[in-house]
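# Observations on chain architecture
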Amino acid sequence: ESGTVFQCSGYRLSTEAEWEYAVRAGGWTAYYNGVESNEDTLDCQHFPELESIGWYCANMTTLKTMGIGLLDENSLGLLDVAGNVREWCWDSFCAYESGPVIDPDGGNCQGDEGRVLKGGAFSSRAADLRSAARMKADPDTRNSSVGFRPCRTVFE
């Protein structure tokens, strides 16, 4: 019998909840630099508050990934968590559970729902870089706007 994702002794993908916690770095605003969301940013519009934290369609001169460490880190020291590439998460793309959940492990949905991608990409609109924004893709998806950030469970 296999255990939960948290029992993995090596590197793995973060759960969606872990990813969002790490990106928010203790904050609750839409973007980790404290800026609230601008839900009206539906097209590729310039959103000045994002210039220092994320690569997205309005501040890209070419549609390709940028080098790491060129923009501001969050308060946990993580770089490039907004934009540049969407990041795979462990989770199946399920509807959120109702009510509070502690340490959700990503579960599996009924049927083929795809996997969660977070963070937005160099081709994304500003709203897609929000910490809570999510999208889904088939795990076989391969393209230049999708990547991953390994994490590791700390055992005490």
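Described below are features of the structure shown in this document.

Calculation rules
- Residues numbered from 1 in each chain as written.
- Predicted model: local features only at pLDDT ≥ 70, side-chain atom pairs only at ≥ 80, totals over all residues.
- Heavy atoms only, no water.
- Disulfide = S-S within 2.5 Å.
- Helix = DSSP H or I, 4+ residues; strand = E, 2+ residues; numbered from the N terminus.
- Buried < 20%, exposed > 50% of the residue type's maximum accessible area, 1.4 Å probe, protein only.
- Contact = heavy atoms within 4.5 Å.
- Lys, Arg positive; Asp, Glu negative; His and termini not counted.
- Salt bridge = Lys/Arg side-chain N within 4 Å of Asp/Glu carboxyl O.
- Phe/Tyr/Trp six-rings, centres within 6.5 Å; stacked < 30°, edge-to-face > 60°.
- Lys NZ or Arg CZ within 6 Å of the ring centre and 35° of its normal.
- Arc of directions from axis to C-beta.
- Pairing = 2+ DSSP bridges.

### Focus on the state of the cysteines
All told, the structure shown has one disulfide when counted by the stated rule. The disulfide partner of C44 is C57, and the S-S distance across this bridge is 2.1 Å. Here C44 and C57 share a disulfide; its torsion about the S-S bond, 135 degrees, makes the bridge right-handed. Taken together, the positions of C44 in the loop between α1 (16-24) and β2 (54-55) and C57 in the loop between β2 and β3 (82-83) put the pair 13 residues apart, joining distant regions of the chain. A relative accessible area of 44% means that C44 is categorised as partly exposed. For C57, a relative accessible area of 15% translates into the label buried. Unpaired in terms of disulfides, C8 finds its nearest cysteine sulfur in C151, a separation of 8.3 Å.

### Remarks on the side chain of R12
In this fold, R12 is placed in strand β1 (residues 11-13). If we skip the residues at most four places from it in the chain, R12 touches V5, F6, E18, R149, P150, C151 and T153.

### Here we look at the side chain of R86
Relative to the helices and strands, R86 is located in strand β4 (residues 86-92). Of the side chains with opposite charge, D128 comes closest to the buried, unpaired R86, at an N-O distance of 5.1 Å. Not counting residues up to four positions away in its chain, the partners in contact with R86 are L117, K118, G120, A121, S123, S124, M135, S145, V146 and G147.

### Some thoughts on the packing of aromatic side chains
A complete count under the given rule lists one aromatic pair for this structure. Look at Y31 and F47: their rings are 5.6 Å apart centre to centre, the planes differ by 65 degrees, and that puts the pair in the edge-to-face class. Pair noted here: Y31 is in the loop between α1 and β2 and F47 is in the loop between α1 and β2, with a separation of 16 residues, a long-range link. F47 shares its class with Y31; the two are buried. Sitting over the ring of F93, R134 keeps its end group 4.2 Å from the ring centre. Over the ring of Y11 we find R152, and its NZ or CZ is 4.7 Å from the ring centre.

### Topic: α1
Here α1 has its buried residues at E16, W19, E20, V23 and R24. End-on view of α1: buried residues confined to an arc of 120 degrees, all on one side of the axis. In the core, the buried residues of α1 are packed alongside β4, β5 (115-118) and β6 (134-137). Residue A25 follows α1 closely and has a positive phi angle near 50 degrees.

### As for the sheet that holds β6
Reading across the sheet, the four strands line up as β6-β5-β4-β7 and stay open at both edges, with mixed pairing between neighbours. Every other strand in the sheet has two partners, leaving β6 and β7 (146-147) as the edge strands with one partner each. Bridge count for β4 against β7 is two bridges, and the pairing is parallel. Bridging across to β7, E87 finds its partner in G147.

Fair warning: the whole summary comes from geometry, so function is off the table for now.
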